[in-house]
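# Results of the structural survey
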Amino acid sequence: MPVVTVQMWEGRTLEQKRALVAAITEAMVVHAGAKPDGLHVVIQEIPLENWGRAGVLGVDRSDG
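Residues numbered from 1 in each chain as written. Predicted model: local features only at pLDDT ≥ 70, side-chain atom pairs only at ≥ 80, totals over all residues. Heavy atoms only, no water.

Scanning the chain from terminus to terminus reveals one helix and four strands. Secondary structure elements of the chain, listed N to C terminal, follow the sequence β-α-β-β-β. Overall, the chain is about 40 × 25 × 15 Å in size when its C-alpha atoms are taken along their principal axes. When burial is assessed residue by residue, the chain has 16% of its 64 residues classed as buried. Within the chain, residue pairs in contact and separated by at least 24 positions form 58% of the contacts whose partners lie at least 6 positions apart. Looking at the chain, you have 6 positive and 8 negative side-chain charges, and the mean spots of the two groups are 4 Å apart. (Helix = DSSP H or I, 4+ residues; strand = E, 2+ residues; numbered from the N terminus. Buried < 20%, exposed > 50% of the residue type's maximum accessible area, 1.4 Å probe, protein only. Contact = heavy atoms within 4.5 Å. Lys, Arg positive; Asp, Glu negative; His and termini not counted. Charge placed at Lys NZ, Arg CZ, Asp CG, Glu CD.)

Below is the structure:
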């Protein structure tokens, strides 16, 4: 039972998330021999104010 976890900033549409889950599933089947029925993809959306890089919160970055 493979589990793929994706952590990313909030803001993607439902359609983008559907496409992402489908693409990750296909890649795991092709490249890792995973069975699609047993593969879990978990999307964790993090608010910009809860994610920092290089000492700066995402909400304060200009290159966000």
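Given a rise of 1.5 Å per residue, 19 residues ought to cover 27 Å, and the 26 Å separating the end C-alpha atoms of helix α1 (residues 14-32) matches this to within 8%. Positioned one or two residues after α1, glycine 33 has a phi angle of 70°, which is positive. (Expected span 1.5 Å × (residues − 1).)

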